[in-house]
Structures are given as structure tokens and as C-alpha cells.
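So you can see what is in the structure, the chains are spelled out below.
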Amino acid sequence: MNILFSRFSILLLFLCSWTSFTTTEAYDALDPTGNITIKWDIISWTADGYLAVVTIFNFQQYRHIEAPGWQLGWSWLKKEVIWSMVGGQATEQGDCSKFKGNIPHCCKKTPAIVDLLPGTPYNQQISNCCRGGVISAWAQDPATAISSFQISVGQSGTTNTTVRAPRNITLKAPGPGYTCGPAKLVKPTKFISADERRKTQALLTWNITCTYSQFLARKTPTCCVSLSAFYNETIIPCPTCSCGCQNSSQAGTCVDPKIASVVPASGKNNLEPLLQCTQHMCPIRVHWHVKTNYKEYWRVKVAITNFNYNMNYSQWNLVVQHPNFDNLTQLFSFNYKPLNPYANINDTAMLWGIKFYNDFLSQAGPVGNVQSELLFQKNPLEFTFEKGWAFPRRIYFNGDNCVMPPPDSYPWLPNATPNHAASPFVILLITFFFVLILM
């Protein structure tokens, strides 16, 4: 009897734990080839080293790098120093006391490089620099999904056989989350002149590939989803403790909504969140409301609310998976682009704000929200309001997977109530309790 009870307890604990896990692996099924590629192009040799252009390409469809921007680091294999930089700078100079006269820009063995800010003098700029480290997602704006800087390296070797690639590359964007592979020697990059009549090429090119993992970036999710519909008065909130719980929060990280009006706006992004106290404790909530039903169409309202007083989101984006996106008829006040990683399956949409109108999601407060409406044409073969079909299968905010309510809690039609007893988990529990009683 005791053995049976112990085995049942272990199985019950395993099942409960399994239902609470969310998928956070590095592979993203909606963007299977997405990555950040760093090209290190040596364009000329100098007296004791080389001049290189380092370019960061964000090939991720919907994950961008927001303020305060990227930070690129590495370790030198030999005794290299950075003599000078254009379009970027090292965060620390390090110990350059052994140099006399011409002092290097950075003497650290492990330099950390950041982008320059907008408004930098033109003689300190190169192409694709000086946006404060902010890089757009590739699907959102390919022209600004690139960032570059020029670096002059000394004490490194002056030929293809004596120079060595940087090691242990790290990319913070702006916090952790990216894992970078080793620098690989590839075919030299080719450059086209401004008049497009001549091609030149790098003397040597290294490629570094970095991939993202939400699990490495944060210990908890960053967004959640709530649901409602015109045919049901019940509003399904974000699951309790979706991103943490109030009683487990550190002091000073949660603000009562009653005194929220006195919280000063810093105007700058801070990686440490200061959240409004909620039952879900997520920085971002996405609400999906099934608003209207027409004869041949149906309408949805999407609202995004920021509960974080320490963060605003420029160039935010939302990725939504729903089978009716193949018949999206009209979109109000958001941009839209279909994401079709698997050829003919058109069930995923990327949404983002209109520039200078609602592409900036402000910090928590009266203006800390954006919203839009979507009009879908019905497909008679599959359209239904039954069994939660009208609600999204998955939602990402800024590339992070949001916590969804459990499917059996979705708003149901008035004449259709969920059959909780039919749940496999409930049946399993009943079966084990019945066996336990018999023993």
C-alpha cells in the first residue's frame, strides 16, 4: 500500500511539473534559420597589425536588439591592442601604461565594444553605425538590421598566416541570451563601389554565428496573454504567476497601482524591471478580444499593455499564430507581414507599429499601451467559434514566447460548456484514486 502511494505521489508530482514548463529552446520553429552573423573583414594591413570592419547582421525575422543596445566582447589570442575605432568604442581603456607617446584606444585582453550614439560627429562615423546599438528585426526593416564599426588592431601579425581570430565571442543584446560560436574562416567579403562599376574584396574574413535562447536570456517569461469574446461575459486573465509571484518578488520591484501615478519616469531603459503589481507579474500583457461577428467576416481587437516602469519598447513587434491569417482582409493602425517558414502554411503574422504613430510602447502608465483591430474573412470549411478556435495558438512579443491560458479555460459559447471531466489528466487522477481505494 505504501509503495503504491509513493509511486502515485511521484507520478502526480511529475505530471504537475510537466504542465508548468514552457518551451524555451534555442531552435525557433517560426524562424528556423534566424541568427545574428558577425563578419570580421580585414581590409588592409598596417605596420603592426590590420584595419578591419566588423559588421553585425541580424538575420532574425522578428527578434530585434532594443535600447540600450548591443555589446560585443571577445578575448585576444596574443597581445593585441586596439589603436583606434570609428563607429564604435570600447567601454574600458584598460592598462596602457607601457605605451609612450601614441596611447591605444584599448589595451584590455577582453575588450567590450558598444555602438556610438545618434548625433556622433561625421568624422567618427561609418556606414550602419551610431544608432545606440539598436538593430531592427530583418522582417521589420532590413535597412536598419545591420550595425558596423571599424577597428585598427596592433601587435597582431600582418599576414594571413600570422594574424589570429578573436576567441570567446560574447554578444549582449542588451542582456544575456545569445551564444556565439567560434570565428570561422570564410571566403573574403566582396564590396561594390558607390558607382557600382568596381568590386574589391577583404584580405581575410571571419564569420561568427550567434543564436538566441529565451531560457538563457531570462529565468522567467516576459509576457502573457489574456482572452475575451463578445459571446461570453467572462474575461480570461493571464495565468496567475505567469512571470513570477508578488510574494516572491524582491522589495522595490512591484508598485501598487493605487500609487502608480507618483512613480517617476526615468526616460531610460533599465534591465531591472519595476513592475506594477498584478496577479501575473509580467512586464507585457497581450489581450486578444473577439469583438464582432459578421455574415462573411469577423473582427478581433488586440491590445498590448506595458506594466514595466523601467522599460519602454521602441520598434516593438508581435508574432501571432492563427489558422485564419491566410484570410486577413484588413488591419488598422499596425503593420503586417506574413511569416511563412514552411512554404504554403500561412498561419503566422508579424505585427508592428506605424513609424512615428504607435511604434513606441511607453513605460507603464496611462499611455503605456497600443492597440489595433484585425478583420478576417471567414472560411466556411473551417471557421467556428466553438472550442476556442477564434483564439491564437501562440503569441510572441519581441521574440519571446508569451504564456497562454490553458485551453480548457477559453471563453466558450453560451450553449457549449467545457467538459472538464473529459480531460485526460482528470481521468488519470480518477483512475489512480480508484485503484488506491481498491488496494
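Residues numbered from 1 in each chain as written. Predicted model: local features only at pLDDT ≥ 70, side-chain atom pairs only at ≥ 80, totals over all residues. Heavy atoms only, no water.

- As annotated in an unreviewed UniProt entry, the protein chain carries the name COBRA-like protein and is attributed to Arabidopsis lyrata subsp. lyrata.
- The UniProt entry for the protein chain carries the following comment under Sequence similarities (unreviewed entry): "Belongs to the COBRA family."
- You can read under Subcellular location (unreviewed entry) in the UniProt record for the protein chain the words "Cell membrane". (UniProt positions renumbered as here; feature names shortened; annotations may be inferred.)

Quick notes on the pattern of salt bridges
- All chains considered together, the criterion is met by five salt bridges.
- Here Lys291 and Glu373 are joined by a salt bridge, their closest N and O atoms 2.5 Å apart. Residue Lys291 is located in strand β18 (residues 284-293), and its partner Glu373 is located in strand β26 (residues 369-377); the two are separated by 82 residues in the primary sequence.
- The partner of Arg299 in a salt bridge is Glu373, and the shortest N-O contact between them spans 2.8 Å. Here Glu373 lies in strand β26 and Arg299 lies in strand β19 (residues 297-306), a separation of 74 residues in the sequence.
- Of the residues examined, Glu373 reaches a relative accessible area of 15% and is grouped as buried.
- Residues joined in a network through salt bridges with shared partners are Lys291, Arg299 and Glu373. (Salt bridge = Lys/Arg side-chain N within 4 Å of Asp/Glu carboxyl O. Helix = DSSP H or I, 4+ residues; strand = E, 2+ residues; numbered from the N terminus. Buried < 20%, exposed > 50% of the residue type's maximum accessible area, 1.4 Å probe, protein only.)

Re the state of the cysteines
- Applying the stated criterion across every chain, the model contains eight disulfides.
- Covalently, Cys180 is tied to Cys210 through a disulfide, its sulfur atoms 2.1 Å apart. Disulfide Cys180-Cys210: torsion about the S-S bond near 105 degrees, hence right-handed. With a gap of 30 residues between them, Cys180 in strand β9 (residues 178-180) and Cys210 in strand β13 (residues 204-212) connect regions that are remote in the sequence.
- Residue classification places Cys180 among the buried positions, given a relative accessible area of 16%.
- Disulfide pairing is shown between Cys223 and Cys402; the S-S distance is 2.0 Å. Between Cys223 and Cys402, the disulfide has an S-S torsion of -100 degrees and is therefore left-handed. Taken together, the residues span a long stretch of sequence, with Cys223 in strand β14 (residues 223-229) and Cys402 in the loop between β28 (400-401) and α3 (424-438) at a distance of 179 residues.
- When its relative accessible area of 0% is taken as the criterion, Cys223 is described as buried.
- A relative accessible area of 5% means that Cys402 is categorised as buried.
- No disulfide involves Cys106; its sulfur sits 6.6 Å from that of Cys107, the nearest cysteine. (Disulfide = S-S within 2.5 Å.)

Remarks on the side chain of Gln60
- Looking at the secondary structure, you find Gln60 in the loop between β2 (49-58) and β3 (71-75).
- Its relative accessible area of 2% is what places Gln60 among the buried residues.
- A polar atom in the side chain of Gln60 sits 3.0 Å from the side chain of Asn58.
- Those residues in contact with Gln60, other than ones at most four positions away along the chain, are Asp31, Gly34, Asn35, Ile36, Ala137, Trp138, Ala139, Tyr178 and Tyr212. (Polar contact = N/O pair within 3.5 Å; in protein donor to acceptor, adjacent residues only side chain to side chain. Contact = heavy atoms within 4.5 Å.)

Here we look at unusual backbone geometry
- Looking along the chain, the bond that leaves Ala67 and enters Pro68 is cis, with omega of 10 degrees.
- Inspection of the secondary structure assignment puts Pro68 in the loop between β2 and β3.
- Although it is not a glycine, Asn128 sits at a positive phi angle of roughly 65 degrees.
- Exposure remark for Asn128: the relative accessible area of 29% places this residue in the partly exposed category.
- Despite not being glycine, Lys387 shows a phi value in the positive range, around 55 degrees.
- Mapped onto the secondary structure, Lys387 falls in the loop between β26 and β27 (394-397).
- Overall, the relative accessible area of 71% leaves Lys387 in the exposed class.

Structural notes on the side chain of Lys378
- Relative to the assigned elements, Lys378 resides in the loop between β26 and β27.
- Although buried, Lys378 forms no salt bridge, and the nearest oppositely charged side chain, Glu296, lies 9.3 Å from it.
- Polar side-chain contacts of Lys378 include one of 2.5 Å to the side chain of Asn293.
- Side-chain polar atoms of Lys378 contact the backbone oxygen of Tyr294, separated by 2.5 Å.
- Excluding its chain neighbours within four sequence positions, the residues that come into contact with Lys378 are Asn293, Tyr294, Lys295, Glu296, Tyr297, Trp298 and Phe383. (Lys, Arg positive; Asp, Glu negative; His and termini not counted.)

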